[in-house]
Amino acid sequence: MKLKQSLALLCMLMFSQTVLAETESEWNYPMQPGESVWSIAHELLTDWREWKTIERLNNISNDRQMLPGTVLKIPRSLIKERQSDITILDVSGTVTAQVVMNDGTVKAHLPLVRGQGLGQGDQIKTSPQSSVLLEFDDGTQVLILENSLLKIRQATVVGSKRKVIDIKVFLEEGEAEIRANPAKVPGSQFLIDTPVAFATTKGTTYRVRAKGSNTAAEVVEGKIGVENNLGGTTVSQGYGTLAKADMPPAKPTKLLSAPELPDLSAPIQYLPSKLVWSELKDAAKYRGQISPDKLFTAIVYDSVSDQPKMGLPSSLQDKSYWLRVRAISEEGLQGFSSVQEITIDARPFPPVRQAPRPSDSIYSGEVEFVWSRPELADRFQVDIAKDEHFETLALQESDISDTRFTANIMEPGDYYWRVTSVTSQGKVGPLGFAGEFTVKPVPAKPELQAPVSSENEMFFSWNTEPDIKYYQLQFASDQEFNDILVDKNTDKAELAIDKPQPGTYYIRVRAFDADDYAGEWTAPQQVEQPIENWWPLLFSGAATLLLIL
């Protein structure tokens with residue numbers, strides 16, 4: 001067992017150390033256990049009789065004494081190879097490519113769609129919250145995540161029976177998840193290069209991220225070699241390494257364990273929303289991803305947070321998704337994943353409440369409620385209650401087609417209201433969010449007392465009401481108060497005015513509360529100012545009569 005592991009490790013190390021020495025005119029092939037130059041020639045060369053050429057170029061005198069992992073240099077002109085088929089299995093969001101056409105011309109910014117084919121030289125760019133899944137001839141899959149730029153440098157099928165694959169890609173920026181050579185075909189090679197280092201494997205599952213002068217690699221299954229011109233290391237399953245410019249790849253460290261997620265079996269009914277999980281020791285950040293399928297062949301939402309939580313955007317559709325959460329170490333390595341299925345059932349969305357607001361001054365009587373119309377909402381249900389849990393409803397009105405509703409609320413007090421959307425097919429959305437408002441009593445109508453007159457003033461008074469800021473008194477010569485002679489405010493339940501000329505007058509009073517809200521006017525009260533001294537009138541009449549005579 002130890003001998004097999006040692007041979008496998010030797011093959012990997014020799015392979016990784018010779019990849020950079022490869023040129024466009026030759027191909028480096030690590031020999032597999034049980035192979036000979038003669039058998040390799042029959043499988044990989046266009047003319048098997050060129051096996052002697054291979055022996056001569058590699059100074060081989062007895063291939064039976066060669067160890068597995070020995071790298072053979074084979075001229076590409078002798079190799080039986082063809083372009084690998086590269087198929088887009090899935091696209092999420094906005095993904096474009098710079099594509100090399102059959103005539104050699106290059107077309108940039110072509111949008112990629114599912115089922116489309118790609119080839120050598122093509123360059124792929126993903127936008128924020130976007131991803132694309134590529135598949136090669138041997139089943140190798142590469143998931144390119146958001147904000148990435150990846151170029152397919154080499155993608156060929158070598159040989160006739162085994163379908164040995166030779167794949168080389170360059171990740172200039174961003175992130176890729178690789179499942180290389182799932183059939184474990186001997187001799188197949190996958191290399192992902194970055195500006196800082198490259199990772200090689202013959203068959204494994206791992207992640208590579210390139211950001212500026214840093215490259216991170218994490219192995220989920222199997223092992224990979226990570227190398228640059230300053231050194232290299234082998235990264236086993238459950239470990240990761242970091243490579244920086246002008247430094248060899250760091251010694252692999254153990255990946256953080258998977259965070260513990262709560263039970264998320266209940267449908268998520270409100271978007272945007274938030275998911276929270278337990279904090280993990282040694283985690284500096286957390287990453288949450290949402291995919292339509294359990295294998296995460298596409299990522300529809302991707303977020304990183306300093307806290308053990310993530311937001312769910314309103315762009316998620318009503319359906320089942322898969323949630324994947326990882327912890328991120330202080331160094332930036334991402335750990336193992338927790339995966340759980342979640343269900344979104346949030347539509348039609350609740351309307352946005354517009355009025356009344358908690359700060360509005362609302363008084364007993366007609367109260368108008370106004371809200372927005374969300375997408376898919378055909379009609380609405382309004383609930384009004386005296387408690388925030390809506391256990392005792394004061395009013396419930398269904399089948400409202402408009403986005404406003406007027407209710408008659410006479411009893412003062414604190415109230416809560418909510419609006420729920422209903423589709424044209426009758427699907428009732430999640431209950432609307434509760435809003436609070438207060439109904440205040442209308443300032444009471446004062447009760448006027450009989451006026452009292454003095455020699456020069458007329459004095460009016462009325463009963464005092466609680467929570468009244470001031471009163472308004474109007475004194476007019478007509479019952480319609482078109483000719484107002486006195487209009488005064490007073491903070492007391494009384495007011496004196498100058499005694500008017502003899503005649504018939506009308507008075508009314510109303511109260512204002514602390515919000516300057518006016519109560520009702522009292523009914524107009526008639527006031528008679530009699531003639532108190534007749535002598536001036538008699539002398540005036542006599543004088544007028546004498547003038548006439």
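Please read these numbers as outputs of a predicted model, since none were measured by experiment. (Residues numbered from 1 in each chain as written. Predicted model: local features only at pLDDT ≥ 70, side-chain atom pairs only at ≥ 80, totals over all residues. Heavy atoms only, no water.)

Student: Provide a residue-level description of the sheet that holds strand β37 (residues 470-476), including the pertinent values.
Tutor: Strands sit in the order β38-β37-β40-β41 across an open sheet of four strands; the sheet is antiparallel. Edge positions in the sheet fall to β38 (484-490) and β41 (525-529), since each of these pairs with one other strand and no more. Between one strand axis and the next, the sheet turns by 25° as a mean value, whatever way the strands run. As judged from the five bridges shared by strand β40 (residues 503-512) and β41, these two strands associate in the antiparallel manner. When the bridges of β41 are listed, Gly503 appears paired with Gln529. (Pairing = 2+ DSSP bridges. Helix = DSSP H or I, 4+ residues; strand = E, 2+ residues; numbered from the N terminus. Axes fitted to C-alpha atoms, helices over the stretch in contact; angles between N-to-C directions.)

Student: Residues and numbers for the packing of aromatic side chains, please.
Tutor: Tallied over the full model, the rule gives 13 aromatic pairs. Judged by centre distance (6.1 Å) and plane angle (70°), the ring pair of Trp277 and Tyr286 falls under edge-to-face. When its relative accessible area of 6% is taken as the criterion, Trp277 is described as buried. Ring centres of Phe460 and Phe475 lie 5.9 Å apart, and the angle between their planes is 50°; this geometry places the pair in the tilted category. In this pair, Phe460 is assigned in strand β36 (residues 457-461) and Phe475 in strand β37, connecting sequence segments 15 residues apart. Comparing Phe460 with Phe475 shows no difference in burial state: the two are buried. A connected cluster of aromatic rings, assembled from ring pairs, spans Phe369, Tyr415, Trp417 and Phe437. Over the face of the ring belonging to Phe481 we find Arg508, whose NZ or CZ atom lies 4.1 Å from the ring centre. (Phe/Tyr/Trp six-rings, centres within 6.5 Å; stacked < 30°, edge-to-face > 60°. Buried < 20%, exposed > 50% of the residue type's maximum accessible area, 1.4 Å probe, protein only. Lys NZ or Arg CZ within 6 Å of the ring centre and 35° of its normal.)

Student: Describe in detail the layout of surface pockets, supporting the description with residues and values.
Tutor: Put simply, the largest pocket is a space of about 750 Å³. Around the largest pocket, the lining is made up of 28 residues, and of these Glu175, Arg209, Lys211, Gly332 and Gln334 lie nearest the centre. For the lining of the largest pocket, the secondary-structure elements that each account for two or more residues are β12 (164-179), β15 (205-211), β16 (214-221), β19 (239-244), β22 (285-291) and β23 (301-305). Per-class residue counts for the lining of the largest pocket are eight nonpolar, nine polar and 11 charged. Around the second largest pocket, the lining is made up of 22 residues, and of these Glu177, Thr205, Leu295, Phe296 and Arg324 lie nearest the centre. Looking at the lining of the second largest pocket, the elements with two or more residues in it are β10 (141-144), β12, β15, β16, β25 (320-328) and β26 (334-343). (1 Å grid on protein atoms, 1.4 Å probe; cavity = no way out; pocket = protein on both sides within 12 Å on 5 of 7 lines; lining within 4 Å. Points joined across faces, edges and corners; volume = space filled by probe spheres on them. Nonpolar A, V, L, I, M, F, W, Y, C, P; charged D, E, K, R; others polar.)

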